[in-house]
Protein chains: 2
Amino acid sequence: MSQTRKKMHLNVFLLNHGHHEAAWRRTDANPQSSTDIRYFTRLAQIAEKAKFDSLFLADVLSVGKNIRHGSHVGLEPFTLLSALAVVTEHIGLIGTVSTTFNEPFNIARKFASLDHISNGRAGWNIVTSGSEFEAANFSNNEHLQHAKRYERAREFLDVATKLWDSWQDDAIVFDRESGIFADDSKVIAIHHAGHYFHVTGPLNVPRTPQGYPVLVQAGSSEDGKAFAAQYAEAIFTAQQTLLEGQQFYADVKGRVAKFGRNPDSVKILPGICPIIAPTESEAREKEQELNELTVPAYGLNQLRWVTGIDFSSYPLDGPLPELPPVTEINGNKSRYQLIADLVANENLTIRQLIYKLAGGRGHRVFAGTPVQVADQLEEWFEQGASDGFNVMPPYLPGGLEDFAELVVPELQRRGLFRLEYESRTLRGNYGLARPTNGWTPHKEALTT
Amino acid sequence: MSQTRKKMHLNVFLLNHGHHEAAWRRTDANPQSSTDIRYFTRLAQIAEKAKFDSLFLADVLSVGKNIRHGSHVGLEPFTLLSALAVVTEHIGLIGTVSTTFNEPFNIARKFASLDHISNGRAGWNIVTSGSEFEAANFSNNEHLQHAKRYERAREFLDVATKLWDSWQDDAIVFDRESGIFADDSKVIAIHHAGHYFHVTGPLNVPRTPQGYPVLVQAGSSEDGKAFAAQYAEAIFTAQQTLLEGQQFYADVKGRVAKFGRNPDSVKILPGICPIIAPTESEAREKEQELNELTVPAYGLNQLRWVTGIDFSSYPLDGPLPELPPVTEINGNKSRYQLIADLVANENLTIRQLIYKLAGGRGHRVFAGTPVQVADQLEEWFEQGASDGFNVMPPYLPGGLEDFAELVVPELQRRGLFRLEYESRTLRGNYGLARPTNGWTPHKEALTT
């Protein structure tokens with residue numbers, strides 16, 4: 001019976017030394033890891049051996065102000081993904097690219113190329129780049145407002161989709177005899193003329209194995225949820241409790257339906273940072289050890305980044321001052337709201353808040369045995385809070401190895417996770433359809 | 001004695017089915033090649049086995065108007081290079097990226113990442129994107145004028161260099177005990193405020209094995225030569241005769257010296273499209289067969305692209321009409337001049353001009369035996385016309401295999417080419433120094 005249960009989807013979110021901000025201070029961390037392709041190859045291969053649907057790389061277009069104590073510098077994620085494509089065979093490759101600081105022709109082309117190189121395993125996590133530090137690296141005097149960034153993102157995605165659809169699947173004829181390489185009635189200029197972009201097209205990459213990459217979104221603000229409901233095929237989200245998870249899940253699936261889309265065509269994957277040990281007390285001890293390695297100055301800087309408030313003049317072991325309303329924030333609104341809720345509900349000191357955020361930056365941290373972690377995942381999955389999970393190992397590679405070797409087999413025993421990949425493509429493993437080529441309004445031949 | 005001769009440098013210029021525009025019509029061409037990573041892996045490994053210094057991928061940001069008969073669509077080159085980095089160990093990886101349609105932060109970051117992933121084998125062929133078709137894919141109502149494009153390229157490269165230099169080699173401290181990840185006095189904001197760009201920096205990639213990628217330039221216009229003399233470390237060029245090669249070589253080396261640079265620090269690599277067969281008559285027959293596979297409509301379109309003139313109403317076997325002066329051209333000026341010279345000197349018909357350009361698009365095509373090809377290369381190398389060559393196989397993989405298996409051993413016997421790689425980095429194999437970190441005017445710490 002267990003083999004017929006609905007299966008969950010698992011993504012691993014790779015981040016240099018791991019998701020806990022003090023992971024790099026563990027004795028097993030390696031100074032070279034963050035720029036070492038062999039290290040990332042090893043991580044990808046561990047995840048693939050465990051049959052993860054996909055791996056995911058986040059991105060920030062600046063070092064921020066935290067370089068003294070923070071380890072989030074290293075390889076540009078898209079460049080890294082392309083390298084990982086040739087040392088893996090099945091695992092999906094999801095890269096973060098900003099619609100605010102790029103051109104749609106370049107990005108549509110890069111994802112089409114990655115989809116070819118990986119044989120249909122590309123995914124795009126669409127972000128709008130919320131920080132002033134990023135804007136300052138891109139000649140932007142004024143950082144584009146939150147709502148405008150989403151407006152640009154919509155048009156960006158519209159252009160990208162038209163470009164991916166600008167080649168019919170059978171456009172390449174390759175008729176040596178007649179000298180016809182492509183049927184130019186099947187390679188169509190898009191003539192996009194919008195508010196942000198004017199793009200003639202067509203793309204210079206033939207249509208790809210997946211048609212286009214799996215579209216992923218991680219914004220949980222109102223703008224973000226509306227965008228995700230309309231376009232996303234997978235959603236990474238941060239929810240702390242089962243109830244919040246259920247509410248978010250129901251909310252987004254309802255919004256998806258309102259756009260006339262099948263709610264099953266969007267996979268919701270809450271983040272979890274699992275701290276795994278043979279016994280619960282060892283797991284908690286491991287969590288405490290990691291928390292105690294955090295550098296308060298780093299946590300204070302992170303808090304200032306998200307909230308806009310400098311807490312460094314307040315006592316670390318005292319309460320937080322009052323926070324401004326979320327409407328005044330032009331950064332990551334949903335992350336800000338989550339922090340405000342945490343503070344309100346749990347009456348935390350500044351240090352406790354720093355510890356709370358150190359593991360998952362607002363994502364749920366759970367310390368326990370492999371069976372307890374599996375119980376948690378099963379509960380959320382069975383009780384309408386998720387279609388799977390975005391697994392964020394607190395340290396790497398150990399935290400991923402623990403999950404792969406101890407939690408995945410437990411999920412498989414319960415019939416909740418695949419024993420073998422179902423498909424060669426990311427769409428296939430996520431149970432998503434290959435998009436039909438929908439955009440061919442101009443039946444204009446290219447040769448004029 | 002032969003082992004002590006000065007050695008030439010060899011780059012292979014990979015282009016889907018090969019450089020002859022009819023290569024895809026050969027019976028051994030494969031329709032899938034242009035998007036098949038296994039195919040490009042095979043090409044890279046053939047070149048690496050033969051000890052080529054580097055492989056190079058060109059780029060055009062549009063399909064142009066030639067998709068019906070032309071095969072130049074496929075993978076985005078930078079994405080492809082990153083994949084090739086992990087299936088090769090020694091060969092340099094030179095990618096073309098436009099300074100006109102990108103942001104310097106993104107590109108500096110990508111090349112730094114590729115340099116890490118490849119362990120010091122990245123090279124950047126800097127182009128300014130000369131065609132209106134490209135501009136139409138990037139929301140440009142008016143295509144930037146030739147001189148303005150070079151002005152932007154200079155500032156782009158200035159920003160990129162500052163970003164690469166924004167990390168000192170020893171900036172990462174990784175002191176687990178004290179919690180200091182990086183010495184923030186060695187990670188410096190660049191505060192670039194120029195005409196085209198405002199970039200605060202620093203880069204979010206630590207300094208790379210080569211410091212920065214080998215800088216390559218291929219423009220041979222006045223603007224292009226001036227830019228190359230000031231910045232380039234390797235130059236790809238198209239010269240038809242030994243005399244032209246010598247003149248270009250002397251001209252550029254002289255300009256390099258005027259910038260206070262050592263002329264040896266710039267490697268000049270003329271292109272050659274070698275058509276190789278056991279006897280000279282077989283080689284000429286092979287060339288003729290390829291030429292006869294060209295589609296006149298394709299050649300006419302290419303000519304129109306470069307010259308701005310539609311020759312299709314003139315008889316193919318008649319003479320060319322008069323060409324406008326080069327000053328009226330806003331595209332590839334040097335390619336245009338080369339065509340004008342060919343027409344003036346050789347009194348060609350339109351069909352003969354199409355054949356002449358079909359193999360190397362203005363680069364020198366030479367049909368002969370392996371010994372004859374080696375003789376040609378030796379002559380140019382010894383007589384002051386080159387530091388090596390940009391090898392452009394007419395068809396792939398066969399044309400590259402012939403060069404690797406027949407011409408390279410002949411060059412090695414003559415002591416003109418390496419038997420083993422001298423270095424693990426592209427700079428090392430090209431005999432170029434690792435740049436010192438020159439740009440640290442603001443000794444401003446990052447944490448404020």
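Please refer to the structure higher up on the page.
Not measured: the values here are computed from a predicted model. (Residues numbered from 1 in each chain as written. Chains lettered and ligands numbered in written order. Predicted model: local features only at pLDDT ≥ 70, side-chain atom pairs only at ≥ 80, totals over all residues. Heavy atoms only, no water.)

## A short note on the overall build of chain A
Under the convention used in this document: A run of DSSP states H or I qualifies as a helix once it reaches four residues; a run of E qualifies as a strand once it reaches two. Both are numbered from the N-terminal end. This radius of gyration counts C-alpha atoms alone. The globule rule is 2.2 Å times how many residues there are, raised to the power 0.38. Buried residues are those whose accessible area, probed at 1.4 Å on protein chains only, stays under 20% of the maximum for their type, while exposed residues exceed 50% and partly exposed ones sit between those limits. By definition, residues are in contact when any of their heavy atoms lie within 4.5 Å. Here the accessible surface of atoms and residues is derived via Shrake-Rupley with a 1.4 Å probe, and residues count as covered only by protein chains that are part of the display.
Within chain A, the regular secondary structure consists of 14 helices and 13 strands. Taken over the C-alpha trace, chain A has a radius of gyration of 22 Å; the compact-globule value for 448 residues is 22 Å, and the two agree within 12%. Each principal axis of the C-alpha atoms in chain A carries an extent, and together these give about 75 × 55 × 45 Å. The burial tally for chain A puts 63% of its 448 residues in the buried class. For chain A, long-range pairs separated by at least 24 residues make up 79% of all intrachain contacts whose partners lie at least 6 apart in sequence. Surface exposure of chain A reaches about 16,100 Å², of which carbon and sulfur atoms provide 49%.

## Here we look at the relation of the copies chain B and chain A
In plain terms, the rule: Each copy is superposed on the other by least squares, with the fit set by C-alpha atoms of residues at a pLDDT of at least 70 in both.
For the pair chain B and chain A, the best superposition has an RMSD of 0.0 Å and corresponds to a rotation of 180° with a translation of 0.0 Å parallel to the axis. What the rotation and shift describe, once combined, is the action of a two-fold rotation axis. Across chain B, the smallest distance between a C-alpha and the rotation axis is recorded for Ala 83 of chain B, namely 2.1 Å. A high fraction, 100%, of the interface residues of chain B reappear at the interface in chain A, so the copies pair face to face through one surface.

## Some thoughts on helix H8 (residues 280-292) of chain A
Side chains of residues three or four places apart in an α-helix project in the same direction, reflecting 3.6 residues per turn. Residues and elements named next belong to chain A. Rules: In a helix, the anticipated span is given by 1.5 Å times the number of residues less one. It is the directions from the helix axis to the C-beta atoms that the arc portrays.
Here H8 spans 18 Å end to end across 13 residues, near enough to the 18 Å set by a 1.5 Å rise per residue. Here H8 has its buried residues at Ala 283, Lys 286, Leu 290 and Asn 291. Down the axis of H8, the buried side of the element spans an arc of 135°, and every buried residue falls inside it. In this fold, the buried residues of H8 make contact with strand S11 (267-276), helix H11 (350-358), strand S12 (364-368) and helix H13 (398-413).

## Re the interface of chain B and chain A
Rules: By buried area we mean how much accessible surface two parts lose on assembly, using a 1.4 Å probe and totalling the loss over both. Each salt bridge in this description consists of a side-chain nitrogen of Lys or Arg and a carboxyl oxygen of Asp or Glu lying within 4 Å of one another. Contacts described as polar in this section are N or O atom pairs within 3.5 Å, which, within protein, must combine one atom able to donate a hydrogen with one able to accept it, while residues neighboring in sequence count only if both atoms come from side chains. Polar here means any residue outside two lists: the nonpolar Ala, Val, Leu, Ile, Met, Phe, Trp, Tyr, Cys and Pro, and the charged Asp, Glu, Lys and Arg; Gly therefore counts as polar.
Between chain B and chain A, the residue contacts involve 75 residues of the former and 75 residues of the latter. Summed over both sides, the interface between chain B and chain A buries roughly 6,700 Å², with carbon and sulfur atoms accounting for 58% of that surface. If you sort the residues of chain B by the area they bury against chain A, Arg 68, Arg 176 and Phe 181 of chain B come out on top, with a joint share of 11%. Viewed at the interface, chain A and chain B are joined by six salt bridges. Residues Arg 68 of chain A and Asp 184 of chain B are paired through a salt bridge, measuring 3.3 Å at the closest nitrogen-oxygen approach. Where chain B packs against chain A, one counts 38 residue pairs in polar contact (both at pLDDT 80 or more). Only helix H2 (77-85), helix H3 (104-117), strand S5 (172-175), strand S6 (180-182) and strand S8 (198-199) of chain B provide two or more residues apiece to the side of chain B that touches chain A. Top contributing element to the side of chain B that touches chain A by residue count: H3 of chain B, with eight residues. The residue inventory of the side of chain B that touches chain A, partitioned by class, reads 37 nonpolar, 25 polar and 13 charged.

## Structural notes on the nonpolar core
This is how the line gets drawn: By convention a nonpolar core is built from buried Ala, Val, Leu, Ile, Met, Phe, Trp, Tyr and Cys residues, the set being connected through side-chain atoms within 4.5 Å.
Formed by 176 residues in total, the largest nonpolar core has its most connected members in Phe 52, Trp 124 and Trp 164 of chain A together with Phe 52, Trp 124 and Trp 164 of chain B. Every residue in contact with Phe 52 of chain B, bar those within four places of it in the chain, is listed here: Leu 10, Asn 11, Val 12, Ala 47, Ile 91, Val 391, Leu 400, Phe 403, Val 408, Phe 417, Arg 418 and Tyr 421 of chain B. Counting residues in each nonpolar core, the second largest holds 19 residues, with Leu 303, Leu 323, Leu 342 and Leu 348 of chain B among its members.

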